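# Breakdown of the fold
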Amino acid sequence: MQGKGLIKFLVVVIAIACLYSLSFTFVTRKVERDAVAYAKGDITKEKAYLDSMAGEVVYNLGIANYTYREAKGNEIALGLDLKGGMNVTMEVSLQELVRNLANNPKDENFNKALENATVRSKNSQNGYVSLFVEEFKKLSPNTPLASFFATKDNTAYVKPNSTDAQVASFLEREATNAIDNSFKVLRTRIDKFGVTSPNIQLQQGTNRILIELPGVTDEDRVRKLLQGSARLEFWQTYDNMEIYPMLENVNSALAATLKETEKTGQGTTDTATADSTDAGLLATLGANQDSVSTDSSENQLAQQNPLFNILRPATAMAPNNQIVLAPGPIVGYAQLRDTAKVNRYLAHPVVKQIIPGNVQLLWGVKPSPRTPEQLELYAVKPSGADAGPILSGNVITDAKDDFDPQSNSPMVTMYMNSEGAREWRRITASASADPNNKQAIAIVLDGVVYSAPTVQGEIPNGISQITGNFTIEDTKDLANVLKAGRLPTTAKIVEEAVVGPTLGQAAIDAGINSAIIGLLIVLVFMIFYYNRGGWVANIAVIFNVFFLMGVMASLNAVLTLPGIAGIVLTLGTAVDANVLIYERIREELALGKSVRQAIADGYKHAMPSILDSQITTFLVGVILFFFGSGPILGFATTLMIGIITSLFTAIFITRIIFDWMLNKGWDIKVSYPWSANTLTNANFAFVQNRKKLYLASGLFIVIGFIFIFTKGFSLGVDFQGGRTYTVRYENPINLEEVRSNLNQTFGLTTEVKIYGADNQVRVTTTYHIEDTDDAADKEVLAKLNEGLSKIDGNSYEILSSQKVGPTIANDIKSRAVYAGIFSIIVIALYILIRFRKWQYSLAAAIPTIHDALVILVLFSMLDGIVPFSLDIDQHFVAAILTVIAYSVNDTVVVFDRLREYLGMSKRKNEDISETVNLAINKTLSRTIVTSLTVIFVMAILFIFGGEVIRGFSFAILVGIIVATYSSICLAAPLIVDLQKKPSTADASDAQSAQNATIRTAKV
């Protein structure tokens, strides 16, 4: 093997990189185990412990140190189905946006066009704005759109004489801005919520935002947080020197109060406190930090200065090297982990009496890069009759990130409407009136300060430039925040899934058990069948799992239950390359070659089949990744990474091991006496009996279509819309009784299925399917509880819930259909390019469609008969596409062997049916062995993987069996009917390739 040194170097580098990526998970798990041990079952204590560790260094590598928060950001994150939490899809209301941009006209045709566009958007792939423009022109062909949108606020973009195309372009731009700004607002709100490893994604090309919040239990709070309107405000500010005396009083009052609390027996210590002075405190803040203080002195400082111990006043160094209070609106700094404690102190009844009503303290939005663990506290001044902000953000017409022409540094340019410009002129004139004491104006969104620039002078025209120590990213964020103040639209939850931690832990256990058992099955089988070669393959499989997990950690991929299924499936397919190599080595040995030569030739001749089979599977993974959502993305990610790592380990690591064994003089065997000739001399008449097999498959599908048209499918909630709940009763229940109670309560047919255990059910209802607001959610939940509680003496618990709006359901169905069609087209194109004959593409595509239809038929036939759910949902689509990939994987192996035989001069005049049959029989051993390994692991996943993915694993399990059948009995035989004899060009190309190989070998 050429380049062994380079390959060994790559293995070492990749192994070190994977170990480094995985090490963060080990470190965070250690900290979390310590938190559990410390809390002893108290969740509040456990969270407080982890909060206190957030900024502490927990991982010291010498060249780099990582805090717990940083390590947590680099660990393998668990998806909601494993950890529990909440998955939400927000939809920005573009109907509301368009209506508000036109100042809510009363025109009947205008509003009718909005309604029609909303209805069409549920089934159309076109954008909402284009649909609205189409509908409006149908209803009012002679009315220009500019007559509605040439308003005072839009004057910079739309003129009375603007064309419809120009107005449409403006609406498209505003729609994009509204979605982007909503994304910014939601991301900031989620950061404030304090969720560990949240995930928020803007679904490109749509008006939807996907949000995953692991570990969240307060669903109502999340809904209120996410669906509230963005509130941008401008506030007057206080100077730090004005606020510091008040904070001193707060600090002293807290010290006395806490001391009194301890004396009454409610505290844990009785240590006396001492008064502190301005000079003393400032001196302490500026003291030499090199000295090491004892725990007792730290405790004493905390008791004397409870507030200032966690909130450091904003100070600066004077020219005389004295510590003084820093000017400006920032009044203090706190560690991120201490901000909650500062808030508790500020909310204390004693403190609230000290802080006057005309003072508000607000946190900054995020730490500065120079102090990544600290957050600023600002003091703002309520003003006006309502004791609120000095100006509302709805006066802003636009904002953009820009560069200062003088210093070429990043800045933000802000534009206001005429009303806002008048007020802004008055405000800025007042703030800059004293040249020696210019005031700052705080820009506040949802109660958080984004920036507090100092006003340098009166701004007469409503166009302001905000400069400061900004990065380009800072100015982009601030511009988005300013534009969020005029968001003429809202974002509503249209899809929601809540997974309880109990179900999450059960999923983790099921996934881990299935992965471990599946791994053991593969390892044992390979040793059992391939002798010492099996040990080599097993080492490659173990490396494969290690590399797979390491790459996932380095990419910050989220591990979901389908992702674990992808790992289990990878274990089965990981040996596919080894099986191809070993079967080819056995053939070379049978020709009388030496072990060393047989291994070299085995790798060389197996390579085309390995690459073709794995590339087709990888292409399906790519399609799944782009068309899937939620947990399916986890499956697609794992599948693609697994294919890459499988190829690397099977081709390179096993070859390195074999070379090492050969150099050591070891006896290498790839079979036992009993397995050496398994299917070696197979001569089944697949081609001769092909028409019978065609007929059998056709009859089965025809009968199946009768079931599909008469019985139909059980559609999952993500395909039909509605709400679904997983409910667990304390004792076993009668399914019909539960269904009857719920039908009566909801007043319509409710789907109720046993889900796992006898006392666990899944309830799906379309009650209020068109309504996705909070009121509808509460009403449906109340009805559900009313129906479930009718079973006396049997308490229950709702483990998880999911809500999907009809628009989302239609979109998911469309994407699923496109994914299936696109997969078949892409695979057919790849085979056309690879084999250069349309007959091969068609012969691969027909059995692939056949396999998908057979699985659909089985899901219709068996639904309600088997004791587990056979819903058609996103997981089912993933399973179908996986089967499609596997079916082609098997098929191309036979095609590769057929192409090789057609290139042999001795088979030029042989009947093609004989050549095809020989190719099938010669690859039969590989096909059966690979299928068996995958069937083994999928059977384990089906049995032990848990109820959540039982239907998914069943589809793949059955699909693998069907795909094995179709690749042997349908795909290759179809070549005979599509191509009666090999073309001269095909044989010539193959012969040329063989001759080129011979010439290279001679050289």
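Quick summary incoming for the structure in this document. (Residues numbered from 1 in each chain as written. Predicted model: local features only at pLDDT ≥ 70, side-chain atom pairs only at ≥ 80, totals over all residues. Heavy atoms only, no water.)

## A few points about the overall build of the chain
Tallying secondary structure elements over the chain gives 32 helices and 25 strands in all. Total accessible area computed for the chain in this model is approximately 45000 Å², and 57% of it derives from carbon and sulfur atoms. (Helix = DSSP H or I, 4+ residues; strand = E, 2+ residues; numbered from the N terminus. Areas by Shrake-Rupley, 256 points an atom, 1.4 Å probe, with all protein chains shown as cover.)

## Concerning the nonpolar core
Formed by 134 residues in total, the largest nonpolar core has its most connected members in Tyr582, Ile831 and Val916. The greatest single-element share of this core, amounting to 18 residues, is contributed by helix α28 (residues 874-902). The residues touching tyrosine 582, leaving out its near neighbours within four places in the chain, are Met526, Tyr530, Gly533, Gly534, Val536, Ala537, Phe658 and Val670. One finds Val129, Ala168, Ile209 and Ile211 within the second-largest nonpolar core, a separate group that totals 44 residues. (Core = buried A, V, L, I, M, F, W, Y, C linked by side-chain atoms within 4.5 Å. Buried < 20%, exposed > 50% of the residue type's maximum accessible area, 1.4 Å probe, protein only. Contact = heavy atoms within 4.5 Å.)

## Points about helix α24 (residues 735-746)
Look at α24: 16 Å from first C-alpha to last across 12 residues, which is about the 16 Å you get at 1.5 Å a residue. Listing the buried residues of α24 in full gives Val738, Asn741, Leu742, Thr745 and Phe746. The buried residues of α24 all sit within an arc of 120° when viewed along its axis, so they share a single face. Of the exposed residues in α24, the ones pointing more than 90 degrees away from its buried face are Glu736 and Gln744. In this structure, the buried side of α24 is in contact with β22 (722-729), β23 (751-754), β24 (760-765) and α25 (774-788). Put simply, asparagine 734 is the residue that caps the front of α24, since its side-chain oxygen is 2.9 Å from the backbone nitrogen of glutamate 736. (Expected span 1.5 Å × (residues − 1). Arc of directions from axis to C-beta. Polar contact = N/O pair within 3.5 Å; in protein donor to acceptor, adjacent residues only side chain to side chain.)

## Here we look at the sheet that holds strand β19 (residues 463-466)
Ordered in space as β15-β16-β19, the three strands form an open sheet in which the pairing is antiparallel. Edge positions in the open sheet fall to β15 (396-403) and β19, since each of these has one partner strand only. Each strand axis lies, on average, 20° off the axis of its neighbour in the sheet, ignoring direction. Of the strand pairs in this sheet, strand β16 (residues 410-416) and β19 are connected by four bridges, and their pairing is antiparallel. Among the inter-strand pairings, valine 412 is bridged to a residue of β19, identified as isoleucine 466. Across the sheet, helix α16 (residues 418-431) is in contact with β16 and β19; its angle to β16 comes to roughly 115°. (Pairing = 2+ DSSP bridges. Axes fitted to C-alpha atoms, helices over the stretch in contact; angles between N-to-C directions.)

## Looking at the pairing of β22
With seven of eight residues buried, β22 lies mostly within the body of the structure. Across eight bridges, the pairing between β22 and strand β25 (residues 796-804) is antiparallel. In the strand pairing of β25, threonine 724 is matched with glutamine 802. Pairing geometry for β22 and β24, over six bridges, is antiparallel.

## Notes on the pattern of salt bridges
Pairing between side chains of opposite charge can happen when their charged atoms approach one another. Under the definition given, this model contains 29 salt bridges. Ionic pairing is found between aspartate 34 and lysine 30, a salt bridge with its closest N-O pair at 2.9 Å. One end of the pair is aspartate 34 and the other is lysine 30, both in helix α1 (residues 4-39) and four residues apart, which spans about a single turn. The class of lysine 30 is partly exposed, set by a relative accessible area of 42%. Glutamate 587 is the salt-bridge partner of arginine 584, the closest N and O atoms lying 4.0 Å from each other. Highlighted residues: arginine 584 and glutamate 587, both in helix α19 (residues 561-590), separated by three residues, approximately one helical turn. (Salt bridge = Lys/Arg side-chain N within 4 Å of Asp/Glu carboxyl O.)

## Considering the sheet that holds β25
Through backbone hydrogen bonds, the strands of a sheet pair up, either in parallel or in antiparallel fashion. One open sheet accounts for eight strands, arranged β5-β6-β4-β20-β25-β22-β24-β23; its pairing is antiparallel. Of all strands in the sheet, those with a lone pairing partner are β5 (199-202) and β23, marking the two edges. Shown here is a sheet whose adjacent strand axes are inclined to one another by a mean of 20°, direction ignored. Relative to strand β20 (residues 491-499), strand β4 (residues 85-92) is paired through eight bridges, and the arrangement is antiparallel. Following the sheet pairing, glycine 85 is matched in β20 by valine 499. The strands that helix α10 (residues 219-227) touches are β4, β6 (208-214) and β20; relative to β20, the one it contacts most, it runs at about 155°. Here α25 sits on the sheet in contact with β20, β22, β24 and β25, set at roughly 35° to β22.

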